[in-house]
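Observations on chain architecture
Now for the letters of each chain:
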Amino acid sequence: TFLNIKHLSNFFVDFLYLMLYFKTTYCIIYIDSGTLWKKVGDNMLMGEYHHNIDEKSRLIIPSKFRNELGEKFVITRGLEKCLFVYSYKEWENIINKLSTLPFTKKASRDFTRFFLSGATECVLDKSGRECITSPLVHYAGLTKECVIIGANDRLEIWDEESWNNFFTTNEENFASIAENLFGGE
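Our subject in this report is the structure included herewith. (Residues numbered from 1 in each chain as written. Predicted model: local features only at pLDDT ≥ 70, side-chain atom pairs only at ≥ 80, totals over all residues. Heavy atoms only, no water.)

1. Some thoughts on the side chain of Ser57
In plain terms, the rule: Only DSSP runs of H or I reaching four residues or more are called helices, and only runs of E reaching two or more are called strands; each is numbered from the N terminus. Burial classes follow relative accessibility: with a 1.4 Å probe on protein chains only, a residue under 20% of its type's maximum area counts as buried, one over 50% as exposed, and anything between as partly exposed. Contact between two residues is taken to exist if any of their heavy atoms lie within 4.5 Å; hydrogens are not considered.
Relative to the elements of secondary structure, Ser57 occurs in the loop between strand S3 (45-52) and strand S4 (58-60). When its relative accessible area of 18% is taken as the criterion, Ser57 is described as buried. Ignoring sequence-local partners within four residues, the contact set of Ser57 consists of Glu130, Cys131, Ile132 and Val137.

2. Brief notes about the packing of aromatic side chains
For clarity, the cut-off: Two aromatic rings from Phe, Tyr or Trp, using only the six-membered ring of Trp, form a pair when their centres are within 6.5 Å; if the ring planes differ by under 30 degrees the pair is stacked, by over 60 it is edge-to-face, and anything between is tilted. A positively charged side chain is recorded as over a ring if its NZ (Lys) or CZ (Arg) lies within 6 Å of the ring centre. The angle to the ring normal must also be within 35 degrees.
Under the defined criterion, the tally for this structure stands at 11 aromatic pairs. Taken together, a centroid distance of 5.8 Å and an interplanar angle of 45° make the contact between Tyr86 and Trp91 tilted. The residues Tyr86 and Trp91 share a single accessibility class, namely buried. Geometrically, the ring pair formed by Tyr86 and Phe115 is edge-to-face, given 6.3 Å between the ring centres and 70° between the ring planes. Placement of the pair is Tyr86 in strand S6 (residues 83-87) and Phe115 in helix H4 (residues 106-117), with a sequence separation of 29 residues. You'll find Tyr86 and Phe115 in the same group, each marked buried. Taken together, Phe84, Tyr86, Trp91, Phe111 and Phe115 form an aromatic cluster joined through their ring pairs. The cationic tip of Lys72 hangs over the ring face of Tyr88; the distance from NZ or CZ to the ring centre is 4.7 Å.

3. Section: a nonpolar patch on the surface
Using the following cut-off: Surface patches are drawn from residues lacking salt bridges whose relative accessible area is over 30%; two like charges belong together within 9 Å, two nonpolar side chains (Val, Leu, Ile, Met, Phe, Trp, Tyr) within 5 Å. Calculation of accessible area relied on Shrake-Rupley with a 1.4 Å probe; when residues are assessed, cover is drawn exclusively from the protein chains displayed. Criterion for a salt bridge: a side-chain nitrogen of Lys or Arg within 4 Å of a carboxyl oxygen of Asp or Glu.
Together, Leu79, Leu101 and Phe111 make up a nonpolar patch on the protein surface, roughly 240 Å² of accessible area in all. Checked against the element boundaries, Phe111 lands in helix H4. Judged by its relative accessible area of 35%, Phe111 is partly exposed.

4. Quick look at the sheet that holds strand S9 (residues 145-152)
Two orientations exist for strands paired in a sheet by backbone hydrogen bonds: parallel and antiparallel. Inclusion rule: One requirement defines pairing of two strands: DSSP has to find at least two bridges between them. A fitted line through C-alpha atoms represents every axis, and for helices the fit uses only the stretch in contact; the resulting angles, taken between N-to-C directions, go from 0 to 180 degrees.
The 6 strands are arranged S3-S9-S10-S6-S5-S7 in an open sheet whose pairing can be described as antiparallel. In this open sheet, the two strands that pair with only one neighbour each are S3 and strand S7 (120-122). Neighbour to neighbour, the strand axes of the sheet diverge by 25° on average, direction disregarded. Both strand S5 (residues 73-77) and S6 contribute to a ladder of 5 bridges, which runs antiparallel. Residue pairing for S6: Arg77 is matched across the bridge by Leu83. Relative to S6, helix H3 (residues 88-98) is tilted by about 110°, and along the sheet it contacts S5, S6 and S7. The sheet strands contacting H4 are S5 and S6, and the helix crosses S5 at an angle near 125°.

5. With respect to the pairing of S6
Burial analysis of S6 places 5 of its 5 residues in the buried class, the great majority of the element. Residues of S6 alternate between two faces, with Leu83, Val85 and Ser87 on one and Phe84 and Tyr86 on the opposite face, all of them buried. What sits between the antiparallel neighbours S5 and S6 is a turn of 5 residues, in which Glu80 has the positive phi angle 55°. Where S6 meets strand S10 (residues 155-159), 3 bridges bridge the pair, whose relative direction is antiparallel. Bridging across to S10, Phe84 finds its partner in Glu156.

Right under this line is the structure:
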């Protein structure tokens, strides 16, 4: 069922979201964005958690994220020197998108090599830890203290110092970034 909430008051929209949240956790909400309908709230990963990586390159995945990731998930090189962690379902979506890129374009080949060569299928151990391969640990510069963030369809794993530098650098520009992405509306 589709519900056009474009013309409803903010109070009613907030009330509707709360009612849907408490009624069922499997609700999918569609918002009229003009001409296209977009799915909101399905498998969204969010939050920031701090954990240490041990000497065997094992890192605890916060329990909040474990159900979303499922039994098998994929970890690979991300952008800005962090690691991306995808549920297997989301990984299949990424692979499908990559397979549509023309192999005749150098940028396509380069990105695919970079992204897939570091990819590793993972499962959590009994303590909720994943073992990160040495090349990925080296790529992200993971030392001891790590930050795990939810970034909508994926997790990102950062070395704490790198995350703090990224956050500090972009914190002052957050408003202008939002304005550029969303048109200031």
